[in-house]
Structures are given as structure tokens and as C-alpha cells.
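Examining the three-dimensional arrangement
Each chain is listed here by its residues.
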Amino acid sequence: MADERKAVVRLLVRLDEDKAYSNILLDRELTKRQLGDRQKHFATALFYGVIERKLTLDKIIDDRLVRKKDRLSAEVRNILRCGIYQLLYMDSVPDHTAVDESVKLAQRVKNPAIPGFVNGLLRGFIRDGKQLPNGKNGAERLVYEYSCPLWLVEKWYAEYGEDTARAMLSSSCGRPPVTVRVNTVKSCAEDVIKTLEDDGIKAVKDKNIEDCLIISGGDIEKTDAFKKGLCHVQDISSQLCCKALDARPGMTVLDLCAAPGGKSFTIAEHMENRGTLSSFDLHDNRVRLIRSGAERLGLDIIDARANNAKVFDENIGFADRVLCDVPCSGLGVIRRKPEIKYKDPSEFERLPQIQYEILECSSGYVKKGGVLVYSTCTLSRAENDEVVDRFLSLHSDFSMCELGEPFINECKASITPDRFGSDGFFIAKLKRSESL
């Protein structure tokens, strides 16, 4: 599997240098390279696995350096990361294969001492029992067990409690399930399941959401069901968000931060493609993504347009339902974009103010008695509960209302991945008073 390992090392080096999103880099590389399905599967698992466990892998490497001040090149460090990851987390790869393939990659490096160095470090790690680093305390042990920075471990412990934080840390590693939403305007769950099975993909109904399917066994976008617009890919948490909005046929609905369009598509399906649904995004190229998806799905009530969600536009008018799914830190989707957890937390400090401004602007479009849903794909009290609490303290014409099933007696919910097997998410549902 030399070709896929070589591709992964190159991608990891690019990720270190360019700070690009992992999923974008991998999709481009897999599209460009002539790799078989098994090779693509292996490359994907190794690539995401190394990113997920980078903090732990680097600690192991640095602890085994004879001269602690030595600086490894990005290429050599990523060869070692891949080797140690295979030794620790990929049971299908024999130890000798992980070492031998890493040495072969090292032979491509111009320094003739590097192959021996890589061989010695990896074999020493095996000889010493392949042990994880020891932390100084309980929190630091979790840092290395889940390869999660200390600031995030401490944040989740403080905000969500020990049991929930441990569940969040555990579910932040590993690949997430693939779920799709059935396009009920064109088909039904049973027919989509049958169509997917004809293409070699197994699909089962999710127990919490009607018309949500959990799939396995292939590339959904290559199936007839996808190409014919019978379904679209969407995480369970986003489907729960759309369900909470409770958009119905004939209503006027706004989705103010809509791209790439998944929630708009589900909302339109809930509306049975009857009514008015305006889907906005700041950038024209992302608006085109919404239009393209709506066309494939045959959802012609969606009117996709460019708009700045922070600036009120009186020409948009009032709506029965408004979805305000704001930009966020993304701490709920770490298992999809593991590089997020390695960001400097100072990068997130301005987000609550931006989120509040979008929420406040969005509230101006809600008619009397209408509903406003605020959502994020993060797990952070500052971006979630505190933004909503601030808004309610300054807007007496809005109050919390119940989300509906499966959130019994809840008006807002921090959805941790262990709860529904979904991405981490936050939903709050607000209702505007009938009398203003």
C-alpha cells in the first residue's frame, strides 16, 4: 500500500503548511489519484486517524527523541505519525508492515540517516510495549487518551460535567455514521432503501427521526437514489434542527445562513414543496450550491439569494418560521474535521458577538406568533446558551417554547454525540409574542 501511504504523508504535510480543511484536501487527492476502493478506504482511515490523534502521536515522537531540541522536518514527522498510528490503532496492519512501509517512505528523504532513525524509533516503540504517554493528572491523561488539547478537556468538564465530557471526548474520535434524509416530495423511505440496496448500499431507518436513513457500504453520491434526487446527505442533528422548526405546507420560511443547503432541503420537504422558502448566504458561489441541490431534489419553492445575515433588509418581509443557523467554532463536528480541536481558542472569542448580531437581526423577520430557531454545530456555552440568554434579556417580545419530540419538555438542547449518534449540536426555539 505504498502509494496510499505516500499520498497520506503528502496530504498531512500540506495540511500542516496550508491550514486547509482536511475533508477538502482529501476529496481533491482521492479524485485525482487512481486508487482502488480498498486503497481509498485505507488512505481515508489513516489520514483522518493521524489528524485525530496528532497530539498523542507527537508526544510519543518527542518523548523518544534522544536530543530533545532536534526539529524534524514536516515530512519525517508525518512519516512517524503514520507509522505510530498504524502500530497503535490499526489492528489490520501487522507491526512489521507498519515499520517497513514507514522506512520505505523515509528512503525518499534526501538525508541518508533518516531511514535508520525512523526504523529505530518505531522498533523501540514496539519493544517498549506501545504505551500511551502518561499525564501528570486525570485531565492530562485524557489529553493523550483522546488526543484533545487540555483547554478543551477542561472547558467541556466545566460546562457539561465529567460524564458528559467523557462521552464527548470519546465520540470525537472515529469516523461518524453517514445519514441521509429521504426526499419525501419524490419518494418514501421504503423505496429509497430498496433503490440503495440495488446499488450495494445498506440502509436502515433511524429510530428517532422519520425519513432519516443510516447507510453503509458505498459512495452515496454515486447511487441512482442520489442522482435522481430521492435523498440528500444530512447528519441526524441537522434533521432534528429542521424538525424543531416545525415548518408546514403553505408557510413563509427563511433560512438565513443556509449554504450548502441541507437544512433548506429538509425544510422544503417538511413543507411538501408548498409555500415560500427563502434561503440566504453571504457569498454567491455558496448560493449556487443551494440552487444546484434544490434543482437535483426538485424542490422549486426554494429561492436562494445572497444576503448578509448581520444586516437587516426590510424588503425580505416577515415569516412564519425563521432558522438562524449561525457560523460557529465547530466543536460539535470534530470527528468530521479533527483539525478544529488544534486551533487556538482565541480564534473563537469574537464568535458570540457575531452570533448575537445575526440572531438579533434574524428576529426582526419573525411575524407575530412566529417561531425563531437558533442553532450551531458547536458545544460551547458561550456560543450557545449565553447568546440565547443575552437575546432574551433584551427582547421581551420573545420567549422560549418547546422543541417537540424527541426533546420532551426541552426548549433548548445541547445535543452531545452520544445522545443520538449525531454530530454535536445546539438548538434553541423561540416564539414571538402575538401582541407587539
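These remarks concern the structure in this document. None of these values were measured; they are calculated from a predicted model.

Rules behind the numbers
Residues numbered from 1 in each chain as written. Predicted model: local features only at pLDDT ≥ 70, side-chain atom pairs only at ≥ 80, totals over all residues. Heavy atoms only, no water. Core = buried A, V, L, I, M, F, W, Y, C linked by side-chain atoms within 4.5 Å. Buried < 20%, exposed > 50% of the residue type's maximum accessible area, 1.4 Å probe, protein only. Helix = DSSP H or I, 4+ residues; strand = E, 2+ residues; numbered from the N terminus. Contact = heavy atoms within 4.5 Å. Pairing = 2+ DSSP bridges. Phe/Tyr/Trp six-rings, centres within 6.5 Å; stacked < 30°, edge-to-face > 60°. Lys NZ or Arg CZ within 6 Å of the ring centre and 35° of its normal. Axes fitted to C-alpha atoms, helices over the stretch in contact; angles between N-to-C directions. Salt bridge = Lys/Arg side-chain N within 4 Å of Asp/Glu carboxyl O. Parallel < 35°, antiparallel > 145°, perpendicular 65-115°, else oblique. Left-handed = near helix turned anticlockwise from the far one by under 90°. Nonpolar A, V, L, I, M, F, W, Y, C, P; charged D, E, K, R; others polar.

All right, on to the nonpolar core then. Grouped together as the largest cluster of nonpolar side chains are 38 residues, with contacts concentrated most on Leu46, Phe47, Ile84 and Leu122. Looking at this core, the elements with two or more residues in it are helix H1 (2-18), helix H2 (22-32), helix H3 (37-52), helix H4 (54-63), helix H5 (74-89), helix H6 (95-106) and helix H7 (114-127). Every residue in contact with leucine 122, bar those within four places of it in the chain, is listed here: Leu80, Gly83, Ile84, Leu87, Ala98, Val99 and Ser102. Core analysis: the second largest hydrophobic core is formed by 36 residues, Leu245, Ala247, Leu299 and Leu403 among them.

Okay, the pairing of strand S1 (residues 178-182) next. Of all the five residues making up S1, four are buried; the element is thus mostly covered by neighbouring parts of the structure. Looking at chain direction, S1 and strand S3 (residues 212-216) are connected through four bridges and run antiparallel. Considered in S3, the bridge of threonine 179 is made with isoleucine 214.

Turning our attention to the packing of aromatic side chains. Taken as a whole and assessed by the stated rule, the structure comprises seven aromatic pairs. On the basis of an interplanar angle of 20 degrees and a centroid distance of 4.6 Å, the ring pair of phenylalanine 312 and tyrosine 365 is categorised as stacked. Taken as a pair, phenylalanine 312 in the loop between strand S7 (302-306) and strand S8 (319-325) and tyrosine 365 in the loop between helix H16 (351-363) and strand S9 (366-376) lie far apart in primary sequence, 53 residues in all. We classify phenylalanine 312 as partly exposed; its relative accessible area is 43%. What makes tyrosine 365 buried here is its relative accessible area of 1%. For the pair phenylalanine 391 and phenylalanine 398, a centre-to-centre distance of 5.4 Å together with 65 degrees between the ring planes defines the contact as edge-to-face. Looking at phenylalanine 391, the relative accessible area reads 0%, which means it is buried. Across from the ring centre of tyrosine 48, 3.8 Å away, lies the NZ or CZ of arginine 175, which sits over that ring. When the ring centre of tyrosine 356 is taken as reference, the NZ or CZ atom of arginine 390 above it lies at 3.8 Å.

Here we come to the sheet that holds S3. The sheet built from four strands is open, its strands ordered S2-S3-S1-S4 with antiparallel pairing. Every other strand in the sheet has two partners, leaving strand S2 (202-205) and strand S4 (231-233) as the edge strands with one partner each. On average, each strand axis in the sheet is inclined to that of its neighbour by 35 degrees, with strand direction left out of account. In the sheet, S2 pairs with S3 via four bridges, with the strands oriented antiparallel. By the bridge assignment, valine 204 is partnered in S3 with isoleucine 214.

Attention now moves to the pattern of salt bridges. Inspection of every chain in the model, using the stated rule, returns 31 salt bridges. In this structure, aspartate 128 and arginine 64 form a salt bridge, with 2.5 Å as the shortest nitrogen-oxygen distance. Note that aspartate 128 is positioned in the loop between H7 and helix H8 (138-146) and arginine 64 in the loop between H4 and H5, a separation of 64 residues in sequence. Taking relative accessible area as the criterion, aspartate 128 reaches 47% and is therefore assigned partly exposed. Exposure remark for arginine 64: the relative accessible area of 29% places this residue in the partly exposed category. Between lysine 155 and glutamate 159 there is a salt bridge; the shortest N-O distance is 2.9 Å. Of this pair, lysine 155 and glutamate 159 both sit in helix H9 (residues 150-160), four residues apart, roughly one helical turn. Residue classification places glutamate 159 among the partly exposed positions, given a relative accessible area of 23%. Salt bridges linked by common partners bring Asp16, Asp58, Asp62, Arg77 and Arg81 together as one network.

The geometry of H5 relative to H7 is characterised by a closest axis approach of 11 Å and an angle of 30 degrees between their N-to-C directions. It follows that H5 is roughly parallel to H7 by the angle criterion. You can see that H5 and H7 cross each other, and the crossing is right-handed. Along the contact surface, H5 presents Val76, Ile79, Leu80, Gly83, Ile84, Leu87 and Leu88, while H7 presents Ile114, Phe117, Val118, Leu121, Leu122, Phe125 and Ile126. By residue class, the composition of the contact of H5 with H7 is 13 nonpolar, one polar and no charged.

So, to be careful, I would describe these as geometric facts and stop short of saying anything about function.
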